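Structural overview
Below, each chain spelled out in residue letters.
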Amino acid sequence: QVQLVESGGGLVQAGGSLRLSCAASERTFSTYNMGWFRQAPGKEREFVGTIGWDGSNTWYANSVKGRFSISRDNAKNVVYLQMKSLKPEDTAIYYCAADRDLLLHRESAEYDYWGQGTQVTVSS
């Protein structure tokens, strides 16, 4: 199975930036679409964005479009989430996920593997 480990979370002031990383254990990582999701306490898991297997296509939630950017380095088995202009409402645990599908999805049920999450807290 694919093992995913997120890192890079922390505490940042509103307007600041963070870069999250997700490291994958399997060489088949390069065949998977990768997604980022987030979940705040008491709320449902929310789609953030996804990137195609070769990095050619991306899709973002409207709430983060223009502020967040997903990229991947298949040679290193790593996907990144660059977050800029952070807002307090971005505070959540952020998860990366892998999808064995050619199509990009925003539904969490479409993803096959999940990381443990990393906390992002944005202060006002």
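Residues numbered from 1 in each chain as written. Predicted model: local features only at pLDDT ≥ 70, side-chain atom pairs only at ≥ 80, totals over all residues. Heavy atoms only, no water.

1. Concerning the sheet that holds strand β8 (residues 78–83)
- Spatially, the four strands line up as an open sheet ordered β1-β3-β8-β7, and their pairing is antiparallel. Because the sheet does not close on itself, it has two edges, and the strands there are β1 (4–7) and β7 (68–73). Taking the axes of each pair of neighbouring strands and ignoring which way they run, one obtains an average angle of 15° across the sheet. (Pairing = 2+ DSSP bridges. Helix = DSSP H or I, 4+ residues; strand = E, 2+ residues; numbered from the N terminus. Axes fitted to C-alpha atoms, helices over the stretch in contact; angles between N-to-C directions.)

2. A few points about the pairing of strand β4 (residues 33–39)
- Of all seven residues that make up β4, six are buried, and the element is covered over most of its length.
- Summarising the sheet, β4 and strand β9 (residues 92–99) pair through seven bridges and their orientation is antiparallel. Opposite glycine 35, over in β9, you have alanine 97 as the bridge partner.
- Relative to strand β5 (residues 46–51), β4 is paired through five bridges, and the arrangement is antiparallel. When the bridges of β5 are listed, arginine 38 appears paired with glutamate 46.
- The antiparallel pairing of β4 with β5 creates a hairpin that spans six residues between the two strands, and glycine 42 there sits at a positive phi of about 80°. (Buried < 20%, exposed > 50% of the residue type's maximum accessible area, 1.4 Å probe, protein only.)

3. Considering the state of the cysteines
- Considering all chains together, one arrives at one disulfide under this definition.
- Disulfide partner of cysteine 22: cysteine 96, at an S-S distance of 1.9 Å. Taking the sign of the S-S torsion, about 55° here, the bridge from cysteine 22 to cysteine 96 comes out right-handed. Of this pair, cysteine 22 sits in strand β3 (residues 18–24) while cysteine 96 sits in strand β9, and the two are 74 residues apart along the sequence. (Disulfide = S-S within 2.5 Å.)

4. Things to note about the packing of aromatic side chains
- In the structure shown here, the tally under the stated rule is six aromatic pairs.
- Taken together, Phe37, Phe47, Trp59, Tyr111 and Trp114 form an aromatic cluster joined through their ring pairs.
- The residue whose ring lies beneath arginine 45 is tryptophan 114, and the NZ or CZ to ring-centre distance is 4.1 Å.
- The ring of phenylalanine 29 carries the charged tip of arginine 72 above its face, separated from the ring centre by 4.5 Å. (Phe/Tyr/Trp six-rings, centres within 6.5 Å; stacked < 30°, edge-to-face > 60°. Lys NZ or Arg CZ within 6 Å of the ring centre and 35° of its normal.)

Function cannot be read off these values alone, since they describe shape.
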